[in-house]
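Structural overview for review
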Amino acid sequence: MSAETVPDTTFFVTEEEHHDAGGATLLGFWIYLMSDALIFATLFATYGVLSGSFAGGPSPREIFELPLVALNTAILLVSSITYGFAMIAMQEGKLGGTKAWLAITGLLGAAFVGIELYEFSTLIHEGATPQTSAFLSAFFTLVATHGLHVSFGILWLVVMLVQLSQRGLHPENQRRLMCLSMFWHFLDVVWIGVFTFVYLLGVL
Amino acid sequence: MSHATHAAAPHGSRRTYLIGFLLSVVLTAGPFWLVINHVFDPQTTALAIIVAAVVQILVHTVCFLHVNTSSEGGWTLLAYAFTAVLVLIVIIGSLWIMYHLNSNMMPMMGSGMDAQP
């Protein structure tokens, strides 16, 4: 678009400030994450309100197993740093290193989801189902929403591994990896809230 | 203020990631240790683990999410601060209102925290 075809009295910006497209995407993705934070805020608020409504069902102290939660927390935290190493390898232009760290991150994420599913199945076998009480409904909704996010993060990670194998570290893939980086670290931030306010305060 | 336009990208150095990781390990292991070993009375423990969680969220934000005053010209920080305010209003506001509703509407269930039929 040439500037001379546009009259002087225009009411729109004829010449956009030239950011690279990656910057706009990253900011947009950040805004999405902030709205996702609001979803979790409502779920945390729901859990907070209902966490004392047992309806004759089990209380947190009777059903939560802290060692399992500690293991899951450790796995997610380590997966955060391994994703960080993938980003550093990407900055250094090392395709092999990026893919290796991403694969490790994905495996850790899968372990996290696996342990969470094991925890859920144990709870349900003990009779602590989402239908038992308002406390358990809120618990399963909050924790499973987080687990679902992690599962989609793993799916995204696998897609990125395929993309990296086919096309390498070109700018678009780098931009996608940065978005996934924010997503992954954001989920770890949400998990800080879950293990503190649901599990630790629950058994206190 | 640097002119580099792609400094907006959430990069980090190995050092920031390692510092963030070490701080997170301490701020995670500490609360679990406090709760499992019953080091303090429940009220002090609750306060300590909430403080640890808030600090750890800030550590993750700075070291892993690389939010600072210059990323995206400050817009990520502004969006983050705005969201933090909304999150606090939603959570604290809900707890406050529902606590008072419980204590006003359901006298036989007490404060709602020990609602055993």
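Residues numbered from 1 in each chain as written. Chains lettered and ligands numbered in written order. Predicted model: local features only at pLDDT ≥ 70, side-chain atom pairs only at ≥ 80, totals over all residues. Heavy atoms only, no water.

Chain B appears in an unreviewed UniProt entry as Cytochrome bo(3) ubiquinol oxidase subunit 4 from Sphingomonas montanisoli. According to the UniProt record, the Subunit (unreviewed entry) comment for chain B reads "Heterooctamer of two A chains, two B chains, two C chains and two D chains." As recorded by UniProt, the Subcellular location (unreviewed entry) comment attached to chain B reads in full: "Cell membrane". (UniProt positions renumbered as here; feature names shortened; annotations may be inferred.)

Per an unreviewed UniProt entry, chain A is named Cytochrome bo(3) ubiquinol oxidase subunit 3, and its organism is Sphingomonas montanisoli. Under the Sequence similarities (unreviewed entry) heading, UniProt states for chain A: "Belongs to the cytochrome c oxidase subunit 3 family." Quoted verbatim from the Subunit (unreviewed entry) heading of the UniProt record, the comment on chain A is "Heterooctamer of two A chains, two B chains, two C chains and two D chains."

Moving on to the overall build of chain A. Within chain A, the regular secondary structure consists of 6 helices and 0 strands. Counting from the amino terminus, helix and strand elements in chain A follow one another as α-α-α-α-α-α. Across the 204 residues that make up chain A, the buried fraction comes to 52%. Taking the contacts inside chain A whose residues are at least 6 apart along the sequence as the reference set, 80% of them involve residues at least 24 apart. Accessible surface for chain A amounts to roughly 9,100 Å². Of this, 66% is attributable to carbon and sulfur atoms. (Helix = DSSP H or I, 4+ residues; strand = E, 2+ residues; numbered from the N terminus. Buried < 20%, exposed > 50% of the residue type's maximum accessible area, 1.4 Å probe, protein only. Contact = heavy atoms within 4.5 Å. Areas by Shrake-Rupley, 256 points an atom, 1.4 Å probe, with all protein chains shown as cover.)

What the domain assignment lists for chain B is domain 1 (12-66) and domain 2 (70-103). One C-alpha centre belongs to domain 1 of chain B, the other to domain 2 of chain B, and the line joining them spans 20 Å. (Domains from an automatic or database assignment.)

Bring the parts together and some accessible area is lost; that lost area is often taken as the interface size. The interface of chain B with chain A comprises 47 residues on the first partner and 48 residues on the second. Between chain B and chain A the total buried area reaches about 4,200 Å² when both faces are included, carbon and sulfur atoms providing 81% of it. If you sort the residues of chain B by the area they bury against chain A, B:Tyr17, B:Phe32 and B:Leu65 come out on top, with a joint share of 15%. Across the chain B-chain A interface, the total number found is 1 salt bridge. At the boundary of chain B with chain A, the tally comes to 1 residue pair in polar contact (both at pLDDT 80 or more). For the side of chain B that touches chain A, the secondary structure elements donating two or more residues are α1 (14-37), α2 (42-63) and α3 (75-105) of chain B. The leading source of residues in the side of chain B that touches chain A is α3(B), at 12 residues. Taken together, the residues that form the side of chain B that touches chain A break down as 31 nonpolar, 14 polar and 2 charged. (Buried area = accessible area lost by both parts, 1.4 Å probe. Salt bridge = Lys/Arg side-chain N within 4 Å of Asp/Glu carboxyl O. Polar contact = N/O pair within 3.5 Å; in protein donor to acceptor, adjacent residues only side chain to side chain. Nonpolar A, V, L, I, M, F, W, Y, C, P; charged D, E, K, R; others polar.)

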